[in-house]
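Coordinate inspection notes
Next come the chains, spelled out residue by residue.
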Amino acid sequence: MIIEQPAIWLRWLYPRATWRMDRNEKAVYLTFDDGPIPEATPFILDTLSQYGIKATFFMVGDNVRKYPELYNKVVAAGHRIGNHTFNHIGGFRHTITTYKANADKADQLLHTDLFRPPHGWMRWDQYIWLRRKYRIVMWDLVTRDYSKWMTAEDVLNNVKRYTRNGSIITFHDSLKSIDKLHYALPEAIKWLKAEGYEFKVFD
Ligand SMILES: [Zn+2]
């Protein structure tokens, strides 16, 4: 299985989640997971602002509690916010009750209708519940910027290799990824622009 581009069978696990946007439109949706943190978010915001791009940040509630000023900056810059639970918890390790409570706790700080499950997994009952309240956004391409086996050049090459019309592209607003993003994010944006892609956020 290719990790970067989720297989069709995986997409069918959560058939009503959003994996890819309009395939007839030359547009991409940049998403950043796990922030906000002082070591990464300011660089990402500066880069997006330099290129006049809006993106979506799937935030961890506990990070927003620690760094409310960063959350405010992301909102003030006009980006879209998504819920990524309060403690970045994996659905399979939790009952629906604790999972739901953790997502709700995050929502008290985040105020959003978008949700992305940490680690890309949730149990079916959690998915059914979440779907009632949120639009669940997965991805068409994960850059693997979090991986210690990847270089910044590899991350950029993943963007070049797998981006297509309507791709939802996942980066990470985290300590694991930021060294790679210093190079890969501006280069990826330049390449996407040169290829004629528009940058969009979810309605
Ligand atoms: Zn995450």
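The next thing to look at is the packing of aromatic side chains. Taken as a whole and assessed by the stated rule, the structure comprises 10 aromatic pairs. For the pair Y14 and Y127, a centre-to-centre distance of 5.2 Å together with 50° between the ring planes defines the contact as tilted. Of this pair, Y14 sits in the loop between α1 (8-11) and β1 (27-33) while Y127 is found in helix α6 (residues 124-133), placing the two residues 113 residues apart along the sequence. The pair Y14 / Y127 is uniform in exposure class, with both members buried. With a centroid separation of 6.5 Å and 70° between ring planes, the pair formed by W129 and Y134 is classed as edge-to-face. The same class applies to W129 as to Y134, namely buried. Through pairs of rings, three or more aromatic residues link up here, namely Y99, F115, W129 and Y134. Across from the ring centre of Y197, 4.3 Å away, lies the NZ or CZ of K26, which sits over that ring. The aromatic ring of F86 is capped on one face by K105, whose charged end is 4.2 Å from the ring centroid.

What follows deals with the pattern of salt bridges. The tally for this structure, following the rule as stated, stands at 12 salt bridges. With its nearest N and O atoms 2.9 Å apart, the salt bridge here joins D140 to R11. Within this pair, whereas D140 is found in the loop between β5 (135-136) and β6 (141-142), its partner R11 is found in helix α1, the two being separated by 129 residues in sequence. An identical accessibility class is assigned to D140 and R11; each is buried. In this structure, K133 engages D107 in a salt bridge whose closest nitrogen and oxygen atoms are separated by 3.7 Å. One end of the pair, K133, is in helix α6; the other, D107, is in helix α5 (residues 96-110), and 26 residues separate them in sequence. Taking the relative accessible area as the measure of exposure, D107 reaches 14% and is therefore buried. Each of K100, D104, D107 and K133 takes part in a single network of salt bridges with overlapping partners.

For the zinc ion, the protein coordination sphere consists of D34 (OD), H84 (NE2) and H88 (NE2), at 2.1 Å. Sequence spacing among the residues donating to the zinc ion works out to D-x49-H-x3-H. Pair noted here: D34 is in the loop between β1 and α2 (41-50) and H84 is in the loop between β3 (80-83) and α5, with a separation of 50 residues, a long-range link. Residue classification places H84 among the buried residues on the basis of a relative accessible area of 2%.

The rules behind each value
- Residues numbered from 1 in each chain as written.
- Predicted model: local features only at pLDDT ≥ 70, side-chain atom pairs only at ≥ 80, totals over all residues.
- Heavy atoms only, no water.
- Phe/Tyr/Trp six-rings, centres within 6.5 Å; stacked < 30°, edge-to-face > 60°.
- Helix = DSSP H or I, 4+ residues; strand = E, 2+ residues; numbered from the N terminus.
- Buried < 20%, exposed > 50% of the residue type's maximum accessible area, 1.4 Å probe, protein only.
- Lys NZ or Arg CZ within 6 Å of the ring centre and 35° of its normal.
- Salt bridge = Lys/Arg side-chain N within 4 Å of Asp/Glu carboxyl O.
- Donors = N, O, S within 2.8 Å, 3.2 Å for Na, K, Ca; no water.

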